[in-house]
Amino acid sequence: MLYFKQIIGRGTRLYEGKDYFTIYDFVEAHQHFSDPEWDGEPEAQDKPKPKHLGPPRPPLPPGPGPEPLPPREKIKVKLADGKARAIQHMMCTTFWHPDGTPMSAQQFMELLFGKLPEFFKDESQLRALWSAPDTRRKLLQGLSDKGFGRDQLTEMQKIIDAEKSDLFDVLAHVAYAIPPQTREERAVRAKVIIGAQFNSKLQVFLDFVLSHYVAVGVEELDQEKLTPLLKLKYHDSIADAVADLGRPDEIGKAFAGFQKYLYQQPTVA
């Protein structure tokens, strides 16, 4: 019995994170736990009288909420065209020179600005190249060969506060100081034109494509993504997609052709 009581005592010791304890009683020792011959009669305990606390206190006024986060610090970068671009001031860098030495975001932007005229002569040509999957892929590959890969351009998206935008906006902003637009804004405008250019079944599929573009990014518009998107939409049945949308070449033409509506020059109301 003494040993059993020691076990109980150890089980009831408290420490942070301990909510309960379990005792396995194989010999029914608990039946003797309240034995008067061992424990004696329980002592009567007087219940403490409630103290008069007076009238309830009025509720405390709400305290100040958490302090708002400080705004992101930005710096202005003036490039050779005389126009300023705003970028976040970042202490760390993920940009590197070809020789392996680090460079700042400003240095990266200046280098990119200097190289972009080798790939397109003006804003119209940039929009045209970016509007088709094949020419967009060639443009991105050419930029990557010069040290401006997708990872670096995606990092630049963060620095110019364009994470919800398109990689097109990075190039347009650096080259021509054009303010970035969100992918959702582009998709909303494109849907209006799609409604007049494609039949209802293609509209439904292209709306599905646009939802992935808005959620993920421009990589969802790569030509290689067409088959996976069809399988996702039609539950792995390309045959059902063809039956619903038309011949594969017609589907491919619609998939590539609608993208130009995302990158048209916005009209001023």
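Residues numbered from 1 in each chain as written. Predicted model: local features only at pLDDT ≥ 70, side-chain atom pairs only at ≥ 80, totals over all residues. Heavy atoms only, no water.

> Could you clarify how one ought to interpret the layout of surface pockets in this entry?
Gaps left between atoms are located by rolling a probe of water-molecule size over the structure's atoms. The space that makes up the largest pocket amounts to roughly 200 Å³. Lining of the largest pocket is provided by 13 residues; of these, Trp96, Pro98, Met103, Lys146 and Gly147 occupy positions nearest its centre. The leading source of residues in the lining of the largest pocket is helix H3 (residues 105-115), at three residues. Residue composition of the lining of the largest pocket, grouped by class: seven nonpolar, four polar and two charged. (1 Å grid on protein atoms, 1.4 Å probe; cavity = no way out; pocket = protein on both sides within 12 Å on 5 of 7 lines; lining within 4 Å. Points joined across faces, edges and corners; volume = space filled by probe spheres on them. Helix = DSSP H or I, 4+ residues; strand = E, 2+ residues; numbered from the N terminus. Nonpolar A, V, L, I, M, F, W, Y, C, P; charged D, E, K, R; others polar.)

> Before we go on, may I ask you to explain the pattern of salt bridges in this structure?
Using the criterion set out here, one finds ten salt bridges in the structure. A salt bridge links Lys115 to Glu118; the shortest N-O distance between them is 3.6 Å. Under the relative-accessibility criterion, Lys115 is labelled partly exposed at 31%. The structure contains a network of salt bridges with shared partners spanning Arg247, Asp249 and Glu250. (Salt bridge = Lys/Arg side-chain N within 4 Å of Asp/Glu carboxyl O. Buried < 20%, exposed > 50% of the residue type's maximum accessible area, 1.4 Å probe, protein only.)

> Teacher, can you tell me more about the packing of aromatic side chains here?
Centre-to-centre distance and the angle between the planes together describe a pair of aromatic rings. Enumeration over the complete set of coordinates arrives at seven aromatic pairs. Seen from their ring centres, Phe168 and Tyr263 are 5.5 Å apart, and the 50° between their planes marks the pair as tilted. With Phe168 in helix H7 (residues 167-176) and Tyr263 in the segment after helix H12 (248-257), this residue pair connects regions lying 95 residues apart in the sequence. Summarising the burial analysis for this pair, Phe168 and Tyr263 share the class buried. Their ring planes at 55° and their centres at 6.5 Å tell us that Phe255 and Phe258 sit as a pair that is tilted. (Phe/Tyr/Trp six-rings, centres within 6.5 Å; stacked < 30°, edge-to-face > 60°.)

> Teacher, can you tell me more about H12 here?
Three- or four-residue spacings in an α-helix give side chains the same orientation, since the helix completes a turn every 3.6 residues. Listed as buried for H12 are Ile251, Gly252, Ala254 and Phe255. For H12, the buried positions fall inside an angular range of 165° around the axis, keeping them on one side. Residues of H12 that are buried make contact with helix H9 (200-215), helix H10 (226-233) and helix H11 (238-245). (Arc of directions from axis to C-beta. Contact = heavy atoms within 4.5 Å.)

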